[in-house]
Amino acid sequence: MRVLVVGSGAREHALCLALAADPAVTSLACAPGNAGTAAVAEQHPLDVADPAAVAALALSLGAEFVVIGPEVPLVAGAADAVRAAGIPCFGPSREAAQLEGSKAFAKDVMAAAGVPTARAFVCTTPEQASAALDEFGPPYVVKDDGLAAGKGVVVTDDRAAALAHAALCPRVVIEEYLDGPEVSLFCITDGTAIVPLIPAQDFKRVFDGDEGPNTGGMGAYAPLPWLPEGTVDHVVAAVARPTIDEMARRGIPFAGVLYVGLAMTARGPRVIEFNARFGDPETQVVLALLETPIAGLLLAAANGSLAAEPPLRWREGSAVTVVLAAAGYPEAPRAGDVITGSDAPGVLHAGTRRRDDGAVVSSGGRVLCATASGETLADARAAAYDVLGAVTLAGGHYRGDIAEAAARA
Ligand code: AMP
Ligand code: GLY
């Protein structure tokens, strides 16, 4: 099978490596890709935000299956365009991707489906925002309704900062603060059957000790040794199942991966957000532990035959990934710095490109991540930091405490 992966992050590099390892995949392309994906897949330029361009590339390459990584093409309708061209595609339709594309839409689906989440108000004026902030009190949670590349959410005790963020966005969701550790659970679905992967944890803040602004994610680990037994089954039954059923009831079935972002509160798991795609960097650790060949699984989700798939097989042990970010990330990442050591095993590329002189240089905020697995979480953590230690990037920074607390417990 000839497969095209759309995207250019470390998630897509991890997907490319997993697909390349699947005997069912005979050839692999990635567009637009990065310096890392170029080593495992043919590379093609692509404007991922243009659905017609995605479909045209898939046709011109003779792709038999397309896997779409990021949210921007999904929300733009790239999966619909690929399917309309007669090619199976992993990724929800434009309408179904609204579960990620509009936080207000996601809240409406959750309310209709009885899914546990933070109480929230959708606000379009400063007066509404002000009233909503006072209803909940601090810490204030203000979310841009639309896609914002991981930067649309402000959590703060500063009422003026909360109001200022609301004023910058045409429509915001203001919601109750959820207290508790976060869990990301990816549920593969064909619109009916649901197959959960193993839960992972992401580190959203830029600095050690969860300090500084939110980012797209600075590191992750899986599985979660502290998670109570039965949590995955509970979340599938209480969150994924009613959500997938509600989408089907509305005539907009969701097929692809439903990313359930949860806070484990004292009152039980509560949904923080839905995404319509694999998480980055969590995918890097989840796929590091998945033994089942991935192409068949994703194709079954695209073709509506997920229920017939055998149970997933997982490797023993744990996996950790640590993100190396560019100088100035997340506010103003600097591009064009030379990277050395990035072709080592375990390095997954994100914002990288190969210059004409052959050097690999940075081209985005999250530049690459170092991923490793090990028998214990402590082993995996040590191995991931070893991989990262052999990479250099001027001004690059990373968190030193990814999975530290969980490995110590
Ligand atoms: P989101 O883009 O919705 O995932 O939000 C980004 C991050 O903001 C989450 O990973 C949380 O760390 C934080 N966050 C979002 N919503 C809440 C909430 N209701 N309570 C506490 N933290 C939140
Ligand atoms: N790791 C967070 C995300 O992918 O949205």
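Further up the page is the structure itself.
Residues numbered from 1 in each chain as written. Chains lettered and ligands numbered in written order. Predicted model: local features only at pLDDT ≥ 70, side-chain atom pairs only at ≥ 80, totals over all residues. Heavy atoms only, no water.

Trainee: Honestly, the nonpolar core in this entry has me stumped. Any pointers?
Mentor: Nonpolar side chains in soluble globular proteins tend to end up buried together. Counting 76 residues, the largest nonpolar core has Leu-4, Val-66, Leu-99, Leu-258, Val-260, Phe-274 and Val-320 as its most contacted members. In terms of residue count, the dominant contributor to this core is helix H9 (residues 231-249) (7 residues). Setting aside chain neighbours within four positions, we find Phe-274 in contact with Leu-99, Glu-100, Ala-106, Met-110, Val-239, Thr-243, Leu-258, Tyr-259 and Val-260. Among the nonpolar cores identified, the runner-up in size contains 44 residues, and Val-25, Ala-193, Val-257 and Leu-348 belong to it. (Core = buried A, V, L, I, M, F, W, Y, C linked by side-chain atoms within 4.5 Å. Buried < 20%, exposed > 50% of the residue type's maximum accessible area, 1.4 Å probe, protein only. Helix = DSSP H or I, 4+ residues; strand = E, 2+ residues; numbered from the N terminus. Contact = heavy atoms within 4.5 Å.)

Trainee: I tried to follow the pairing of strand E7 (residues 140-144) on my own but got confused; where do I start?
Mentor: The side chains of a regular strand alternate, first on one face of the sheet and then on the other. Judged by how many residues are buried, E7 sits mostly within the fold: 5 of 5 residues are covered. Alternating positions in E7 separate into two faces, Tyr-140, Val-142 and Asp-144 on one and Val-141 and Lys-143 on the other, with burial throughout. Summarising the sheet, E7 and strand E9 (residues 172-175) pair through 4 bridges and their orientation is antiparallel. Counterpart to Lys-143 in the pairing with E9 is Val-173. (Pairing = 2+ DSSP bridges.)

Trainee: Would you take a moment to explain the pattern of salt bridges for this structure?
Mentor: When the charged atoms of two side chains with opposite charge come close together, those side chains can pair. Scanning all chains against the criterion turns up 22 salt bridges. The residue Arg-267 makes a salt bridge to Glu-176 at a minimum N-O spacing of 3.3 Å. Of this pair, Arg-267 sits in the loop between strand E16 (256-265) and strand E17 (268-275) while Glu-176 sits in the loop between E9 and strand E10 (182-189), and the two are 91 residues apart along the sequence. Among the residues examined, Arg-267 registers a relative accessible area of 55% and is labelled exposed. The salt bridge partner of Asp-245 is Arg-241, with a shortest N-O separation of 2.9 Å. Taken together, the residues span about one helical turn, with Asp-245 and Arg-241 both in helix H9 at a distance of 4 residues. (Salt bridge = Lys/Arg side-chain N within 4 Å of Asp/Glu carboxyl O.)

Trainee: Before we go on, may I ask you to explain the site of ligand 2 in this structure?
Mentor: Around ligand 2, the structure places Asp-202, Lys-204, Gly-216, Tyr-259, Asn-275, Arg-277, Gly-279, Asp-280, Pro-281 and Glu-282. A distance of 2.9 Å separates an oxygen atom of ligand 2 from a polar atom in the side chain of Arg-277. Here a nitrogen atom of ligand 2 and a backbone polar atom of Asp-280 are 2.9 Å apart. Calculation on ligand 2 without its partners gives an accessible area of 200 Å², and the protein chains cover 90% of this total. Across the shell around ligand 2, the residue classes break down as 2 nonpolar, 3 polar and 5 charged. (Near = heavy atom within 4 Å. Polar contact = N/O pair within 3.5 Å; in protein donor to acceptor, adjacent residues only side chain to side chain. Areas by Shrake-Rupley, 256 points an atom, 1.4 Å probe, with all protein chains shown as cover. Nonpolar A, V, L, I, M, F, W, Y, C, P; charged D, E, K, R; others polar.)

Trainee: So what exactly am I meant to see when it comes to the site of ligand 1 here?
Mentor: Glu-175, Leu-178, Glu-182, Lys-204 and Glu-273 are the nearest of the 14 residues found near ligand 1. Note that a nitrogen atom of ligand 1 is positioned 2.8 Å from one of the backbone N or O atoms of Leu-178. Calculation on ligand 1 without its partners gives an accessible area of 470 Å², and the protein chains cover 92% of this total. Broken down by secondary-structure element, the contributors of at least two residues to the shell around ligand 1 are E7, strand E8 (153-156) and E17. Here the shell around ligand 1 is built from residues that sort into 6 nonpolar, 1 polar and 7 charged.

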